[in-house]
Each structure stands twice: as structure tokens, then as C-alpha cells.
Amino acid sequence: MPQPLRILITGASSGIGRALAEHYAAAGHIVGAVARRGELLSDLAERLDSVTPLQGDVSNAAGMDQLIRAFARQHGGIDLVYVNAGIGQRSEIEGWDAGRTRQIIDVNIIGATNTIVPAVEVMLAHGGGRIVGISSLAGRTPLPHAAAYGASKAWLAFYLDSLDMDLGPRGVHCSIVMPGYVATPMVDGADAALVSAGARRAAALIADRVARGERIIRFPRRVAMLTSLATLAPRSMRISSQLKRLAKRKQQRGRSQ
Ligand SMILES: NC(=O)c1ccc[n+]([C@@H]2O[C@H](COP(=O)([O-])OP(=O)(O)OC[C@H]3O[C@@H](n4cnc5c(N)ncnc54)[C@H](OP(=O)(O)O)[C@@H]3O)[C@@H](O)[C@H]2O)c1
């Protein structure tokens, strides 16, 4: 791949996306940072010369098509795209309505498609590239209160894994990232003992494994292993109880240190 890389990151105003933008910009790569909150992107660009703020809403297909093609024209192509923008509301049965599920579909599924399709077209026209989707371990095994979110993340993983078969021979490769809990505003209020990494550490790990061309990137290892086992285990032994046990053990270790 050419150096510096030309990288587009959706959801770069916060959390994992912002940490990825900071990581790549610090290494001298060209970064297009996409999100709705333009003021946060401008702050990022003020601190880091190689970041271009690109205010946009991933659920707007025409807007994303324009934005991605303009970035590619400006830089002569795109090497790497992070499909990272996402929302993660809890699915509660009380007060349940279709609107909340639709919001998740609009951002996590339609928004991802609105990013992937023009990005792939640009990459095919310029000889190749890599699409990296930030899915989740919640997309690997069903979890309580995460029906819509988990399903949207399973969709992204399945979509990119299948696309990789079609596009790989033409030089466009896909990677799927499935993190456990990472400390970002999305998981504010989650049990601290379940959070495995800060956003900066997660971004460095992701960038390193993407640079090695890994197709499936799951972390942390222990939770990833549990989710793999949980896909085979009976429902009574499912991941939520395993995660709770893990959190309890971590808390006990913390108290005894
Ligand atoms: N944190 C975790 O534990 C965890 C675990 C597994 C997977 N993930 C995934 O990692 C990704 C990043 O999440 P995070 O934890 O970093 O959360 P976050 O801090 O809440 O960041 C979410 C980002 O998505 C952007 N976004 C949301 N809706 C958008 C829209 N319609 N158009 C453009 N951008 C939009 C937000 O920007 P604006 O609001 O400015 O638009 C923000 O930059 C998500 O896909 C999430 O599902 C997170």
C-alpha cells in the first residue's frame, strides 16, 4: 500500500473512531474524519494537521456518496476505510417500539452500506484497498437487551465476510473487528469490571492487526473465546452469565491487590 495511507473513518468524533483518527494522524497518514458533530471534528483537525473534518450523516446515502468521492478525488484514491459509526441502544421490552430498532438499522446497517458501496467503487477504480467494519462480540452470540444492536453487528460481519470473497480477487479486502467492551461514551454506565480497554489502546491494537492484513479481529481474547463457546453452549450457559462471573472475579482480584 502507498505511504502515507489515505484513510476515511466514520464516527470519528468520539470513542474508537476518534482514537483511530488520532493514531493514524500521529503516524503521518492522511485521515478523513466523518461524523455529524462538526465542532468535535474541527477540534480534532486543529490538533492534528493531517485530519480533514468531513461533517456528514452516514444514514444519508447521497451525502455519503458525495463525501467519499470528493475525498478520493482530493487525494487520488482511498486505501483504507473504517466503517465505525454506530449507535448502541439497549433493547427493552417495556415501552418497546419499532422506531428504536429502525434507528439502529438506519445507522448500523443502512449507514454502513452507504459507506461501503461508494468506498468499494472508488477502491476498485484505483486498484484496491481495505474496508474494516467495526462489528462487536455482541454480534457473535445473542445477548439480553441487545437484540437489535447484536443483529445489526452480526449483519455487518456477515456482509463484509461475504463481500471479501467477491472483492478479494479484485484487490479490495475486508476485515471485521469484534471488540468486547471498550471505554467510550457508548458504554457509559456499563459495569466497569467488564470494560477491557480504553479507546486508545483498542485503536492501537486494531490498527496493528489491520496492518497485518487480518480478516477477523476479536478482542479481548478471553471474552472472544467465551463468545465462541457460547455459540455452541445451551442457552442456560450463555455468555451473559459467563461475563458476570468474569466481572466478579476481576472485582475480587482488584479488592485483594
Ligand atoms: N465501546 C464498545 O464497547 C464497543 C464494543 C463493540 C463495538 N463497538 C462499536 O464501535 C463503534 C464505535 O463506537 P464507540 O464505542 O466509539 O461509540 P461512541 O463514542 O458513541 O462513538 C460513536 C460514533 O459514531 C458516530 N455516529 C453515530 N451516528 C452517526 C451518524 N448517523 N452519522 C455519522 N456518524 C454517526 C458518532 O458521531 P456523531 O454523533 O458526531 O455523529 C460517534 O463519532 C460502533 O460501531 C460500536 O457499535 C463499540
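All of these numbers come straight from a predicted model, not from anything done at the bench.

1. Digging into the site of the ligand
Move 1: By nearness alone, 31 residues border the ligand, and Gly-11, Gly-15, Arg-36, Arg-37 and Gly-86 come closest of all.
Move 2: Every element with two or more residues in the shell around the ligand is listed here: α1 (15–26) and α4 (98–125).
Move 3: Here the shell around the ligand gets three residues from one element, more than from any other, and that element is α1.

2. Topic: the packing of α1 against helix α6 (residues 199–211)
Describing two packed helices takes the angle between their axes plus the distance from one axis to the other.
Move 1: It is the contact of α1 with α6, at a shortest axis distance of 8 Å, that shows an interaxial angle of 60°. In terms of their interaxial angle, α1 and α6 are classed as oblique. For the pair α1 and α6, the crossing hand works out as right-handed. In this structure, α1 contributes Gly-15, Ile-16, Ala-19, Leu-20, His-23 and Tyr-24 to the contact, and α6 contributes Ala-199, Arg-200, Ala-202, Ala-203, Ala-204, Ile-206 and Ala-207.
Move 2: Of the residues contributing to the contact of α1 with α6, the split by class is ten nonpolar, two polar and one charged.

3. Some points on the packing of α4 against helix α5 (residues 147–167)
Move 1: Contact geometry for α4 and α5: axes closest at 9 Å, N-to-C directions at 15°. As the angle between them shows, α4 and α5 are arranged roughly parallel. Crossing of α4 against α5: the hand is right-handed. Facing Thr-101, Ile-104, Ile-105, Asn-108, Ile-109, Ala-112 and Val-120 of α4, the residues of α5 in contact are Ala-148, Tyr-149, Ser-152, Lys-153, Trp-155, Leu-156 and Leu-167.
Move 2: Here the contact of α4 with α5 is composed, by residue class, of ten nonpolar, three polar and one charged.

4. Observations regarding the environment of Val-107
Move 1: Residue position: Val-107 is located in helix α4.
Move 2: A tally of 21 C-beta atoms within 10 Å means that Val-107 is categorised as buried.
Move 3: Separated by 91 residues in sequence, Val-107 and Gly-198 place their C-alpha atoms 23 Å apart.
Move 4: Ignoring anything within four residues of it in the chain, the contact list for Val-107 reads Val-58, Ser-59, Ala-85, Gly-86 and Ile-87.

The rules behind the values
- Residues numbered from 1 in each chain as written.
- Predicted model: local features only at pLDDT ≥ 70, side-chain atom pairs only at ≥ 80, totals over all residues.
- Near = placed C-beta within 6 Å.
- Helix = DSSP H or I, 4+ residues; strand = E, 2+ residues; numbered from the N terminus.
- Axes fitted to C-alpha atoms, helices over the stretch in contact; angles between N-to-C directions.
- Parallel < 35°, antiparallel > 145°, perpendicular 65-115°, else oblique.
- Left-handed = near helix turned anticlockwise from the far one by under 90°.
- Contact = placed C-beta atoms within 7 Å.
- Nonpolar A, V, L, I, M, F, W, Y, C, P; charged D, E, K, R; others polar.
- Buried ≥ 20, exposed ≤ 12 C-beta atoms within 10 Å, placed from the backbone.

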